Every structure is written in structure tokens, then in C-alpha cells.
Amino acid sequence: MATEQKARIGVTGLAVMGSNLARNLARHGFRVAVHNRSAAKTKTLVEQHGHEGDFVAAESLADFVDSLQTPRQVIIMVKAGGPTDAVIDELVELLEPGDMVVDGGNAHYADTRRREAALRERGLHFVGTGISGGEEGALNGPSIMPGGSPESYQHLGPVLEAISAKVDGQPCCTHVGPDGAGHFVKMVHNGIEYADMQLIAEAFDLLHKVAGLGAGEIAEVFRGWNSGDLESYLVEITAEVLGHVDEATGKPFVEVVADQAEQKGTGRWTVQEALELGVPVTGIAEAVFARSLSGHTEQRAAAQKVLPGPSSVSSVADRDAFVEDVRQALYASKVVAYAQGFDEIRAAADTYDWDIDLGAMATIWRGGCIIRARFLERIKDAYDTNKDLPSLLVDSYFADAVIKAQEAWRRVVVAAAAAGVPAPGFSSALSYYDALRSERLPAALIQGLRDFFGAHTYRRVDREGSFHTLWGEGRNEIDA
Ligand code: NBP
């Protein structure tokens, strides 16, 4: 193929995500090479959408690679895990040093680090890239989180920024950091999404069971909330889902859906990595566990038969006041969940030497992705003011927000406990707030217990050094 006919970039893997991404590229004027393991998908894409731009279809991977300008830029959009490795193995045999392989699937960042190291050995750039926004985002503008080398971003950046979502004219795409940084940030994004959805679900549950509002009324409450601090895609679609009526039964849709939430695993990964890094992401963890609990139907059925709730529950005296309390509790709990997620990104950046600009992450999540929200602007401002902020909660704007909300937040957690309505997200977020601001934590007693049974030693508040008390022999204290 003549050089001038070659494609600027290629996409291999043309299921829903890959084809939409290829169409997005073509619509932005990039000549895009397309390939899929089974050629039928390639044919369908070109037949149905060929008029949208300049596609170069290839049946074999070798022809696909041959149709690309050098240095070659290949986006892989296949099933994460084994299929991604299979495609990489085949591709590397056809590529030359300097070429770039972008994995846009939902890979675990540790796999991305492994693949990046292996391809670097061969002089190839491997760019693990988080892409958020689902199929709609892939087509119309996702939030894009590329990792990999700065050099590869010089080539890929202009293309990826062009097809990403835009907010205030700014692309929702930036170079996150080396090797696995992009996929790590995408993973935490998904973890935050879990927490956000859990908090929204708890707010719905409380408004329904404690204040007695129906699904349609709660839809209106969320619609109203979407014009304030809580403005976000998830709050917007909550109003849509709650307002939807099931055609078959005439009941609110939310009442006919089975109450077992599923998960694909990125929330679990976020919590597993947080445990490794020693970062308390309680909001995300509660969200993951709440989904697990919802799926334990046999346990739930057994418990429903023998475990009663409170004997009497007083009704809410002032519904409007309660709705406002729940709004504030939701906002404060959400701030905690985001603060924890950003803490996890910072901890990973320190561990892997990634130098991630946290404010820039908030910027690229403002559009295209599921957690897009007005208040991400505030997160960007917070890190712009102080990039070493110890916690988002101590930034003046967020501190002010949670302080203002705290009375309402406490009332909501009390009301949930009194009514026997589970609110693990709200209550653990409040406990996190209280733990963080406590001058003394009962961890001192834990240290005492550890020293008692295991001679694990402790430090004192009034002297330097490590100490051990001879608990079984006169209880004298010795230097450890
Ligand atoms: P799938 O995850 O369903 O994967 C299907 C694609 O993988 C097809 O093109 C299939 O080819 C190809 N494939 C498989 Br399976 N095994 C292969 C192999 N051994 N060699 C070559 N190709 C193979 O597609 P998707 O739902 O479009 O998702 C693509 C990626 O994007 C995934 O990693 C997914 O996790 C991620 N994703 C992201 C979002 C998001 O919001 N960011 C949403 C959905 C998915 P075939 O046609 O020949 O079978």
C-alpha cells in the first residue's frame, strides 16, 4: 500500500467498544485501519458505517499492520485477560521498534505493567489506556486515561484528545503517567463509581423507607438535586430510572427489578489494591460488600425469618427537612468516597513512581465518564491550590462542605439506625470523618493488646523509642 494511503491509527477488536471507537476516530477525520479476529465484524462495520469516515479494512492481522503509517499506532479493544495477551503476542511479531500498542480494554494495571515491560524489551511502546463512558462514550467522546511513555503520548495524545469528551473546550484525556498508571486510575474511577452508586441507592432507600416517599416522588427529589452541588450524570440517570414505570405491571420499574446487584470486578480490584497499599477506601469497600450481600439470597431469606428490626419506628415529622438532610448526607459521604479514591491514586503513584497530577485526573473525569460531575471542578481547584493536600477533606472548600453537612449527616445516620435501614456507605463515611478528626483513637488500646499477647511492642506519646511491658513478670516496661 502506498504510504499516503496508509491509516493514521488502527483498531483491532471490533465488538461494541472497538467499533464505536473506530467510528469516533473516523468521524474526527482520522483514516482508521480496522481488524477483528473474525472478519464478519469488520465487514459489518464498514458496510453499516463506512460512510462516516475513512476506514481501511483488513482481514488478516498482517494486512492490518501493513496498512498503518509508521510509527504504527494500534488500539486493542478485545476482551481483557487472555484474549489481550493472545493479540499482543501475535502483533509483536509484526511490529517494529518505535511502534505503539494501546490496550483500551479493562486490564488490571499489574498486567499492564507486565506487558509494558515485555514490549519495552523489544523496543515497542505499550500504552495501557483506561477508557470510560461505555459504548456511548466510545462513540461520542469518552474520558481517556492513557499510561505508557511520554514519548508515545506525543504521537497518540493529539488523536486521543481529539476523540475524547470535551468540557469547556478542554479534552477529557491527558497522559496519566508511565506503564500501568492509566489503568490504575481507570480502576479507581470505577471503584468511586461503585461508592457513588451505593450512596445514591442508600439515599433512595432512606427516602422510601424512612420518609415514606414513592419512587416517582423520589425521582423528582433527585431531579431537583441535579441542579445543585450534586449535579452529576449518576444523579441525573437516577431520576430517569426511578421515574420509569414497568410496562407489564404498571409498577415503578425499581420495584420489579431483583435486588441483587452484580459486579464485573473493578470495584473489587480497587479494594484489593487499597488493602495492599494500606489506604482506607471504606466507601468503595462498603459498596463492593453491599453488592455481595445483596447477592446472598439464601442467607438473606434465612435472616428475614428470624431477625426482626426495631419494634417501633417513629415517622418523620418534617419530610422536607428529612429530604434536605439526606441530600447533605449524600454530598458529604460522596466527598469522603472521592477523597479516599484520590488517596489511593496518590499512594500508588508514590509506590510506583508515577508522578500523577491529581487535579488533572479530576479534570478528565468531568466529561465522558460515568462519574462525571460538577464537583470535580472543585477537586481540580483543590489540587491546583495545593498539590500535596494531605486529604481532600482538609481543602477549605470541602472542609467547609462537610462541616456544614455534618449535623444533617449525623441525623440521617441516626435515623437509619433507628429505623433499621442499612446505610453502610453513609455511616462508614461519617465514621471515617470522625476517625480522621479525632485527636485520640482507640488504636492505643490495640497496641496494648498486641504487646500483651504477642510482645509486638509500642511507642509512647511522651518519649522516643519502642517499648515492651513484661505483662507476665511484674509488668515493668523495658526498651524494646
Ligand atoms: P468484548 O469484551 O466482548 O470482547 C469481544 C472482542 O474480543 C471481539 O472482537 C472478539 O473477537 C475479541 N476476542 C476474543 Br473474545 N478473544 C480473542 C482472541 N483470542 N484473539 C483476538 N480477539 C479476540 O468486547 P467489548 O465489550 O467491546 O469490550 C472490549 C474491551 O473494552 C474489554 O476489555 C472491555 O472490558 C472493555 N470495555 C470497556 C467499557 C468501558 O466503559 N470502558 C465498556 C465495555 C467494555 P471475535 O469477534 O472474533 O470473537
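If you check an unreviewed UniProt entry, the chain appears there as 6-phosphogluconate dehydrogenase, decarboxylating from Kutzneria albida DSM 43870. As recorded by UniProt, the Pathway (unreviewed entry) comment attached to the chain reads in full: "Carbohydrate degradation; pentose phosphate pathway; D-ribulose 5-phosphate from D-glucose 6-phosphate (oxidative stage): step 3/3." The record held by UniProt for the chain lists under Catalytic activity (unreviewed entry) the comment "6-phospho-D-gluconate + NADP(+) = D-ribulose 5-phosphate + CO2 + NADPH".

## Some words on the nonpolar core
Within the largest apolar cluster, 95 residues are counted, with the highest numbers of intra-cluster contacts made by Trp 225, Trp 365 and Phe 426. If one sorts the elements of this core by residue count, helix α15 (residues 319–352) sits on top with 17 residues. Setting aside its immediate chain neighbours within four residues, Trp 225 contacts Ala 203, Leu 207, Leu 230, Glu 231, Val 235, Val 323, Val 326, Arg 327 and Leu 330. Ranked by size, the runner-up nonpolar core spans 26 residues in total, among them Leu 21, Met 77, Val 102 and Cys 173.

## Structural notes on the side chain of Glu 202
Tracing the sequence through the fold places Glu 202 in helix α8 (residues 181–209). No salt bridge is formed by the buried Glu 202. Its closest oppositely charged neighbour is Arg 291, at 11 Å. A polar side-chain atom of Glu 202 sits 2.7 Å from a polar atom in the side chain of Gln 198. In contact with Glu 202, not counting residues within four places along its chain, are Pro 422, Ala 423, Pro 424, Gly 425 and Phe 426.

## Focus: the pairing of strand β6 (residues 125–132)
Of all eight residues in β6, eight are buried; the element is thus mostly enclosed. Bridge analysis of strand β5 (residues 100–103) against β6 gives four bridges, and the strand direction is parallel. Bridge pairing in β6 places Val 102 opposite Val 127. Traced from β5 through helix α5 (residues 109–121) to β6, the parallel crossover comes out right-handed.

## Comments concerning the sheet that holds strand β7 (residues 143–146)
Pairing in this open sheet of seven strands is mixed, and the strands run β3-β2-β1-β4-β5-β6-β7 from one edge to the other. Sheet topology places β3 (55–57) and β7 at the edges, where each strand pairs with a single neighbour. Each strand of the sheet is rotated relative to its neighbour by a mean of 25°, with strand direction disregarded. Here strand β1 (residues 9–12) runs beside strand β4 (residues 73–76); their pairing, made up of three bridges, is parallel. When the sheet's bridge partners are listed, Gly 10 is paired in β4 with Val 74.

## A short note on the packing of aromatic side chains
For any pair of aromatic rings, the description rests on two quantities: the centre-to-centre distance and the angle between the ring planes. Under the definition given, this model contains 15 aromatic pairs. Taking 4.9 Å as the distance between ring centres and 85° as the angle between the ring planes, the aromatic pair formed by Tyr 109 and Phe 184 counts as edge-to-face. In this pair, Tyr 109 sits in helix α5 while Phe 184 sits in helix α8, placing the two residues 75 residues apart along the sequence. Using a relative accessible area of 4% as the deciding quantity, one classes Tyr 109 as buried. One aromatic cluster is present, formed by Tyr 331, Tyr 338, Phe 375, Tyr 397 and Phe 398 through successive ring pairs.

## Focus on the UniProt feature "domain: 6-phosphogluconate dehydrogenase C-terminal" (unreviewed entry) in the chain
As recorded in UniProt, the feature "domain: 6-phosphogluconate dehydrogenase C-terminal" (unreviewed entry) lies at residues 182–472. Counted over residues 182–472, helix gives 66% and strand 1%. Its end C-alpha atoms are 53 Å apart.

## Quick look at α15
Taking 1.5 Å of rise per residue, the 34 residues of α15 would be expected to cover 50 Å, and the 49 Å separating its terminal C-alpha atoms lies within 8% of that figure. A large share of α15 lies buried, amounting to 25 of its 34 residues. Phi turns positive one or two residues past the end of α15, at Asp 353, with a value near 60°.

## Concerning the pattern of salt bridges
Scanning the entire structure with this criterion turns up 33 salt bridges. Two residues, Arg 27 and Glu 52, come together in a salt bridge whose shortest N-O distance is 3.1 Å. Taken as a pair, Arg 27 in helix α1 (residues 16–27) and Glu 52 in the loop between α2 (39–49) and β3 lie far apart in primary sequence, 25 residues in all. Judged by its relative accessible area of 40%, Arg 27 falls in the partly exposed class. For Lys 404, the salt bridge goes to Asp 400, with nearest N and O atoms at 3.1 Å. Here Asp 400 and Lys 404 lie together in helix α18 (residues 396–419), a separation of four residues that amounts to about one turn.

Parameters at a glance
Residues numbered from 1 in each chain as written. Predicted model: local features only at pLDDT ≥ 70, side-chain atom pairs only at ≥ 80, totals over all residues. Heavy atoms only, no water. UniProt positions renumbered as here; feature names shortened; annotations may be inferred. Core = buried A, V, L, I, M, F, W, Y, C linked by side-chain atoms within 4.5 Å. Buried < 20%, exposed > 50% of the residue type's maximum accessible area, 1.4 Å probe, protein only. Helix = DSSP H or I, 4+ residues; strand = E, 2+ residues; numbered from the N terminus. Contact = heavy atoms within 4.5 Å. Lys, Arg positive; Asp, Glu negative; His and termini not counted. Salt bridge = Lys/Arg side-chain N within 4 Å of Asp/Glu carboxyl O. Polar contact = N/O pair within 3.5 Å; in protein donor to acceptor, adjacent residues only side chain to side chain. Pairing = 2+ DSSP bridges. Right-handed = clockwise from strand over helix to strand, strands pointing away. Axes fitted to C-alpha atoms, helices over the stretch in contact; angles between N-to-C directions. Phe/Tyr/Trp six-rings, centres within 6.5 Å; stacked < 30°, edge-to-face > 60°. Expected span 1.5 Å × (residues − 1).

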